[in-house]
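Coordinates in review
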Amino acid sequence: MTPLTLSALLAADPSAPPSAPVSFDEAAKQAEDAAGWVEQNWSTWLNTSLRITLIIIVALVLRMFVRRALTRLIARMNRSADAVEGTTIGGLLVNAERRRQRSEAIGSVLRSVASFLILGTAGLMILGAFKIDLAPLLASAGVAGVAIGFGARNLVTDFLSGVFMIMEDQYGVGDSVDAGVASGEVIEVGLRVTKLRGDDGEIWYVRNGEIKRIGNLSQGWATSTVDVAVRPSEDLERVRSVIGEVADGLAKAEPWNEQLWGPVETLGLTEVLLDSMTVRVAAKTMPGKALGVERELRWRIKQAFDAAGIRIVGGLPLAVEEGAGPDPAASMAAPSALANPLSPQSMAAAPIQPPTNLTK
């Protein structure tokens, strides 16, 4: 062994004892075997590296393309909502904030799902390129997914319910809804929680998974219903005529002509009693405007009835309206049994007289 070879071995591992000397032929053979192994496997390494690089590039490009396409789709949906905002049909049928929030939520969900699928598939393909058996990995991931899903089943239920609620457009920002557990105006729609503002100003946080049924009072159209109770002696045809004049005036007045989606109709009698009869008036209105139309309709009907001399039940008593005097028997007391001295009540109340045959 040459001094150079011995010094190299000591530098590599100073604590190791000196090994047997290696001849030049053996060293050359080892170097030739290593070069042959590298020459034999370099093509495999290059192929694997190129394959992994290609998978990563394709995954990133595909992810960028899909996310950009989804972003453009959401932007186009928002532009279509902004285009009709401010017009008559836009004010009636389109809520810009509702459309914007709904589109953004759908876009966020779709982008997240697309990224998960693309990157997850790319990761599995990269592991396959390294000749790694994916069966145990997939089995472990499946077991872990089942365990996590079982532990967070409420969270998963809320998330899935929120996704379907948004995609089906069951309700949106500005809608008045009855969710069963709470009711009010929707101020925010999330994938897990929906925020409602109640009639008294309180904010309800309702989990989407807890909503079993939903009643939307702001979609389609609403109905304004007014019940008017009059005396049974009133002429029904005259009552119908006065209500018809009120309906015509309301249909021509601003802004009620836009809020009314149908004529004000007198449906007829809903109740007939000895001292009153109830006439029902109804009209189809814009969603969310039924209460205001009902108030205005009551106001106008009361004014029209007063002008026409039609009395609504609940006003002055009938005796006062007819000008009759007070009842003369109202100040008389009820007859008493004590007024008759022979009555049992009077005899029981009389004092006991002392016996006359007693002597001192």
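Sequence order as written defines the numbering, with residues in each chain counted from 1. Only residues with pLDDT of 70 or above have their local features reported here, since the model is predicted, and side-chain atom pairs are shown and tallied only from 80 upward, although totals for entire chains, interfaces and linings are computed over all residues. To get the side-chain values, take all heavy atoms of the structure and skip hydrogens and water.

All right, on to the pattern of salt bridges then. Every case where a carboxyl oxygen of Asp or Glu lies within 4 Å of a side-chain nitrogen of Lys or Arg is listed as a salt bridge. Under the defined criterion, the tally for this structure stands at 9 salt bridges. Between E210 and R207 there is a salt bridge, with its nearest N and O atoms 3.3 Å apart. Connected through salt bridges with shared partners, the residues D158, R207 and E210 form a single ionic network.

Our focus in this paragraph is the side chain of N216. Put simply, DSSP marks the helices as runs of H or I at least four residues long and the strands as runs of E at least two long, and each gets a number from the N terminus on. Residue placement: N216 occurs in strand β5 (residues 215-216). Exposed residues in this analysis have more than 50% of their type's maximum accessible area, buried residues have under 20%, and partly exposed residues fall in between, with area computed by a 1.4 Å probe over protein chains only. Of the residues examined, N216 reaches a relative accessible area of 18% and is grouped as buried. Within the structure, N216 has its side chain in polar contact with the side chain of D175 (distance 3.1 Å). Those residues within four positions of N216 in sequence are excluded, and the remaining contacts are Q170, Y171, D175, S176 and V177. N or O atoms within 3.5 Å of each other form a polar contact, as long as, within protein, one can give a hydrogen and the other can take it, and as long as residues adjacent in sequence are counted only when both atoms are side-chain atoms. Throughout, a contact is declared for two residues whenever any of their heavy atoms are within 4.5 Å.

The antiparallel open sheet is built from 3 strands, whose spatial order is β6-β8-β7. The open sheet has two edge strands with one neighbour each: β6 (222-230) and β7 (265-272). Along the sheet, successive strands turn relative to each other by an average axial angle of 25°, direction set aside. Strands are treated as partners if at least two bridges between them are detected by DSSP. In terms of strand pairing, β6 meets strand β8 (residues 277-285) through 9 bridges, oriented antiparallel. Every axis corresponds to a line fitted to the C-alpha atoms, with the helix fit spanning only the stretch in contact, and the corresponding angles, defined between N-to-C directions, vary from 0 to 180 degrees.

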